[in-house]
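# Structural overview
So you can see what is in the structure, the chains are spelled out below.
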Amino acid sequence: PWTVSVTLTNSCVIASNQTTLYMWQYKMNKRLAALDLAQAVNAKRKDKSERLVHVDDTPSGAGEGSMDYKILNRATHDTITCIKASERLLIVARQSGVLQLYTLPRFSLDHRYQTNVTASKIAINCNATRISIINPDGLMSFFDLYLKEGESQPKFERKDVWDMRWADDNPDLLAMMEKTRMYVFKGTDPEEPILSSGYICEFSGLQIRSALLDEIIRDPEQPSRENIMDLEIKSLRDTRELLDKVGIHDAYQFIEDNSHPRLWRLLAESALEQLQLEMAERAFVRSQDYQGIQLVKRLHKLDSENKQSAEIAAYQGRYEAAERLYLDMDRRDLAVQLRVKLGDWFRVVQLLKSGGAGGNDTLYQKAWNAIGDYYADRLKWSSAVSYYQQSQNMEKLVECYYLLEDYDKLSGLIEQVPDNNALLENIASKCASVGMCHEASRALVKSNKVKEAVDCCVALNQWDRAVEIAHEHNMSSVDELLAKYAAHLLEKGKLLDAIELYRKANHYIDAAKLMFKLAAESSEIPSHALRTKKLYVLGAMLVEQYNTHIMSDRSALDSLIHTNSVSIEDSRLIDNAWRGAEGYHFLLLAQRQLYEGFTDAALRTAHALVDYEDVIPTETIYAIIALTATIARSFGTCSNAFIKLENVESEESRAEYEQLAVEIFTRYPPRDSRTQKIECTNCEGSITDYGNTCSICDTKYPRCIVTGAPLTSVHSGNVTRANIARRRRTLSLSARASVSHTHCLR
């Protein structure tokens with residue numbers, strides 16, 4: 001089986017088996033990325049984030065290392081034993097003791113070093129000038145990579161070593177594990193050992209972090225914090241002891257001799273606690289701590305030691321102590337400022353409510369907003385709303401109400417937001433997204449976005465609201481848009497949708513035209529007589545809604561002017577709105593009377609259909625007359641009906657009617673068996689029972705909706721034609737009392 005070694009840096013991962021090295025550069029340095037980008041544009045280089053190199057090859061970094069998996073099958077007599085990488089170089093140790101040094105991230109072979117040690121583990125110091133090597137027997141030694149002329153390799157060896165790590169911030173410090181003791185070397189000089197059996201995880205800031213892996217593996221599901229140990233090296237421990245027992249000035253010399261940023265920071269902290277600002281500033285300078293230097297400058301400007309102590313406590317993270325010092329000085333405003341800097345807005349509110357100086361409405365509002373943001377970040381919208389209400393943050397309230405789906409309160413904000421405020425558009429957008437057309441349009445109108453309000457109503461198919469807004473603001477584009485949308489629906493064959501569109505937009509005449517068109521199409525199918533009547537009734541009802549709408553929205557004079565401005569076609573449609581419904585009502589009434597055995601009444605009603613040839617097909621009219629006349633034995637009337645039927649366009653039907661007429665009239669003479677007369681109330685003349693017009697004075701009597709007989713008593717009283725029309729409409733609707741728009745259309 002292959003032995004795989006893996007090493008990791010901040011930008012790449014390198015893995016190896018016994019013969020091959022693989023590198024994946026997962027993070028690109030910005031400067032190198034810009035350089036590679038320029039090279040890629042100029043030379044169209046392929047992506048080199050992954051490279052595969054055989055250990056016997058000598059890559060120059062100019063293009064070698066492509067992903068050629070065939071090299072995995074190449075053997076070598078000198079296999080890889082271990083690898084180790086830093087940010088700048090990769091060390092590959094081979095069985096013969098050869099160390100190969102590759103430069104990263106170019107992955108080019110720069111040096112080969114011959115040693116007499118077969119490495120099983122390698123560590124590189126922080127400036128990549130020295131490495132430490134452990135052989136399979138646990139013998140550790142040093143090897144310097146860049147020796148000057150005349151220098152020799154350090155003669156350093158330690159036995160029974162099983163772990164090691166160089167310090168991240170000092171190239172001379174090395175921590176190593178020897179049996180159950182931890183040694184720290186400065187150069188080649190060891191410090192006093194520390195009893196430990198942990199694996200070294202990190203070494204920085206004169207502090208070593210190690211993990212007791214044996215203890216962790218025993219119970220990996222419940223690891224204990226006690227299995228991670230932080231150990232301080234001797235110089236750090238001695239510095240603490242000097243600062244505690246001897247004093248700052250004596251400790252200064254020791255730190256000068258053992259200079260390290262961590263020691264200088266420790267000295268600066270101790271000097272701050274004793275308010276020795278000059279010494280603290282010098283220590284911050286030596287540790288290159290810019291923030292600490294600025295702190296000392298601020299401390300010099302403070303006028304009391306208590307303020308300085310409070311500022312130092314805040315710098316060191318002891319915020320409760322700093323606040324206590326401010327409150328003891330009766331400087332609640334400074335305590336509030338401290339909490340504001342920390343973003344502890346809950347404590348800010350507590351301090352402001354507890355009284356004293358430092359509170360104002362602006363600060364309260366800022367605190368409420370910050371607490372609301374705290375809850376909003378955690379998706380606790382209900383809690384956030386209460387704080388946004390206190391701060392009167394309308395923008396945040398809109399978001400919270402929308403996320404809480406509290407649309408009533410969301411729409412209630414429209415009245416609270418000033419006119420022409422940009423927030424109104426946001427409210428409108430959110431209302432429109434959930435179908436709240438009225439609220440969305442109201443918000444847009446308030447923000448002076450009338451066109452957008454109309455577009456919103458159109459998008460939500462609320463054309464009545466769109467027309468209302470357009471009329472209120474004297475817009476003329478709605479009718480054009482309505483016509484375009486209706487034409488689009490008609491192209492798709494959605495006639496009923498177009499009718500509903502016009503009806504909602506209060507364009508009742510246009511809706512009635514489409515309804516009458518639909519009724520005319522239905523009339524072509526004889527078996528759909530009842531459906532056709534319903535469609536004509538609905539069309540007439542739309543015309544009635546138009547009349548009601550005109551009378552309710554305008555004065556009498558305006559209505560008269562509007563009536564005179566209506567086109568001739570529309571005027572004819574308005575005047576004859578109920579004509580189609582009446583015609584099909586009489587057709588159905590004649591059929592019902594015929595089936596119920598009232599032949600004379602059926603014939604009288606069938607005669608009424610002659611006045612509706614513009615609505616009902618001629619063939620249908622005279623066919624029902626011929627049928628009822630034959631049953632009523634009025635063969636004269638039947639003969640007249642067959643004369644009309646023999647002139648139909650269809651030759652096949654014409655031939656059938658001619659054959660049927662021959663069969664009937666060869667047996668029965670074309671005479672009516674009986675004829676009844678009705679006296680005309682307007683003159684001394686008379687009218688036939690089947691007619692409704694006087695032959696002398698040409699007075700035309702309306703027919704009864706229920707029986708189909710002429711109403712000769714109409715002229716005897718003060719019954720106007722308007723009353724007759726109203727009665728006709730009422731009786732037409734009573735023929736099907738439960739008709740509704742949806743039921744009839746569907």
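Use the structure listed above.
Residues numbered from 1 in each chain as written. Predicted model: local features only at pLDDT ≥ 70, side-chain atom pairs only at ≥ 80, totals over all residues. Heavy atoms only, no water.

Moving on to the overall build of the protein. The helix and strand tally for the protein stands at 32 helices and 22 strands. Across the protein, every contact between residues at least 6 apart in sequence was considered, and the portion connecting residues at least 24 apart equals 44%. Accessible surface computed for the protein: about 41,000 Å², of which carbon and sulfur atoms make up 48%. (Helix = DSSP H or I, 4+ residues; strand = E, 2+ residues; numbered from the N terminus. Contact = heavy atoms within 4.5 Å. Areas by Shrake-Rupley, 256 points an atom, 1.4 Å probe, with all protein chains shown as cover.)

Using the criterion set out here, one finds 31 salt bridges in the structure. Across the pair Arg339 and Glu320 runs a salt bridge, and its minimum N-O distance is 3.1 Å. Here Glu320 lies in helix α9 (residues 319–328) and Arg339 lies in helix α10 (residues 332–342), a separation of 19 residues in the sequence. Owing to a relative accessible area of 4%, Arg339 belongs among the buried residues under this scheme. Through salt bridges that share partners, Glu320, Glu323, Arg339, Asp344 and Arg347 make up one connected network. (Salt bridge = Lys/Arg side-chain N within 4 Å of Asp/Glu carboxyl O. Buried < 20%, exposed > 50% of the residue type's maximum accessible area, 1.4 Å probe, protein only.)

Below, the discussion takes up the sheet that holds strand β20 (residues 228–232). Spatially, three strands are ordered β18-β19-β20 in an open sheet, and the strand pairing comes out antiparallel. Edge positions in the open sheet fall to β18 (199–204) and β20, since each of these has one partner strand only. This sheet shows a mean twist of 25 degrees between the axes of neighbouring strands, independent of strand direction. The sheet contact formed by strand β19 (residues 207–211) and β20 spans five bridges and is antiparallel. Within β20, the residue paired with Gln207 across the bridge is Glu232. (Pairing = 2+ DSSP bridges. Axes fitted to C-alpha atoms, helices over the stretch in contact; angles between N-to-C directions.)

In this structure, Ile427, Ile499, Ile616 and Phe642 are the most contacted members of the largest nonpolar core, which totals 117 residues. Dropping the residues within four chain positions of it, Ile499 is found in contact with Ala511, Leu514, Met515 and Leu542. In this structure, Val184, Ile200, Ala283 and Leu295 belong to the second largest nonpolar core, which totals 36 residues. (Core = buried A, V, L, I, M, F, W, Y, C linked by side-chain atoms within 4.5 Å.)

A few words now on the packing of helix α15 (residues 407–416) against helix α17 (residues 437–446). Interaxial distance between α15 and α17 falls to 10 Å at its minimum, and their mutual angle equals 20 degrees. Viewed along their axes, α15 and α17 adopt a mutual orientation that is roughly parallel. By crossing handedness, the relation of α15 to α17 is classed as left-handed. Here Ser411, Ile414, Glu415 and Gln416 of α15 lie close against α17, whose contacting residues are Glu439, Arg442, Ala443 and Lys446. Each residue belonging to the contact of α15 with α17 can be placed in one class, and the counts come to two nonpolar, two polar and four charged. (Parallel < 35°, antiparallel > 145°, perpendicular 65-115°, else oblique. Left-handed = near helix turned anticlockwise from the far one by under 90°. Nonpolar A, V, L, I, M, F, W, Y, C, P; charged D, E, K, R; others polar.)

A few words now on the environment of Tyr388. Here Tyr388 lies in helix α13 (residues 381–391). A relative accessible area of 1% means that Tyr388 is categorised as buried. Residues Tyr388 and Asp373, spaced 15 residues apart in sequence, show a C-alpha to C-alpha distance of 8.6 Å. Excluding residues that lie within four positions of it along the chain, Tyr388 makes contacts with Asn369, Gly372, Asp373, Ala376, Asn393, Lys396, Leu397 and Cys400.

With that out of the way, let us pick up the packing of α10 against helix α11 (residues 345–353). At a minimum axis separation of 8 Å, α10 and α11 run at an interaxial angle of 165 degrees. Considering their axes alone, α10 and α11 lie roughly antiparallel with respect to each other. Crossing handedness for the pair α10 and α11: left-handed. Where α10 approaches α11, its residues Arg332, Ala335, Val336, Arg339 and Val340 are matched on the opposing element by Trp345, Arg347, Val348, Leu351 and Leu352.

By the definition in use, this model includes 21 aromatic pairs. The interplanar angle of 35 degrees and the centroid separation of 6.3 Å between the aromatic rings of Tyr183 and Phe185 together place this pair among those described as tilted. Exposure class is identical for Tyr183 and Phe185. Each is buried. Grouping aromatic residues by their ring pairs yields a cluster made of Phe346, Tyr364, Trp368, Tyr374, Tyr375 and Tyr387. For the cation-ring pair, Arg282 lies above Tyr252, with the distance from its terminal atom to the ring centre recorded as 4.6 Å. Across from the ring centre of Tyr402, 5.3 Å away, lies the NZ or CZ of Lys430, which sits over that ring. (Phe/Tyr/Trp six-rings, centres within 6.5 Å; stacked < 30°, edge-to-face > 60°. Lys NZ or Arg CZ within 6 Å of the ring centre and 35° of its normal.)

Moving on to the sheet that holds strand β5 (residues 80–85). The sheet built from four strands is open, its strands ordered β5-β6-β7-β8 with antiparallel pairing. Edge positions in the open sheet fall to β5 and β8 (108–114), since each of these has one partner strand only. Averaged over all pairs of adjacent strands, the angle between their axes in this sheet comes to 20 degrees, without regard to strand direction. Bridging between β5 and strand β6 (residues 89–94) involves five bridges; their strand directions are antiparallel. Looking at the pairing, Lys84 lines up with Ile91 of β6.

Below, the discussion takes up a nonpolar patch on the surface. A contiguous nonpolar patch, built from Leu8, Trp24 and Tyr26 and spanning about 330 Å² of accessible area, is present on the exposed surface. Topologically, Tyr26 is positioned in the loop between β3 (20–25) and α1 (30–43). (Patch = residues over 30% accessible without salt bridge, like charges linked within 9 Å, V, L, I, M, F, W, Y side chains within 5 Å.)

As defined by bridge partners, strand β9 (residues 121–124) adjoins strand β10 (residues 130–134) across four bridges and the pair is classed as antiparallel. Opposite Ile124, over in β10, you have Ile131 as the bridge partner. The antiparallel hairpin formed by β9 and β10 contains five residues in its connecting segment, where Ala128 sits at a positive phi of about 55 degrees.

Time to look at the pairing of β19. Strand direction decides the pairing type here: β18 and β19, joined by five bridges, are antiparallel. Paired with Tyr199 across the two strands is Ala211, which belongs to β19.

Its location among the elements puts Ala626 in helix α28 (residues 618–631). For Ala626, a relative accessible area of 5% corresponds to the buried category. The spacing of Ala626 and Cys638 is 12 residues in sequence and 4.6 Å in space, taken between C-alpha atoms. Apart from residues no more than four positions distant in its own chain, Ala626 is found in contact with Cys638, Ala641, Phe642 and Leu645.

Checked against the element boundaries, Asn576 lands in the loop between α25 (568–575) and α26 (579–595). The exposure class assigned to Asn576 is partly exposed, which follows from its relative accessible area of 41%. On a C-alpha basis, the gap between Asn576 and Val543 in space is 9.7 Å, while along the polypeptide they are 33 residues apart.

The next thing to look at is helix α8 (residues 305–315). Of the positions making up α8, those classed as buried are Lys307, Gln308, Ala310, Glu311, Ile312, Ala313 and Ala314. Along its buried surface, α8 packs onto α5 (261–273), α6 (277–286), α7 (290–301), α9 and α10. Just downstream of α8, Gly317 is the residue with a positive phi angle, here 90 degrees.

Honestly, that's just the spatial picture; any functional story needs more than this.
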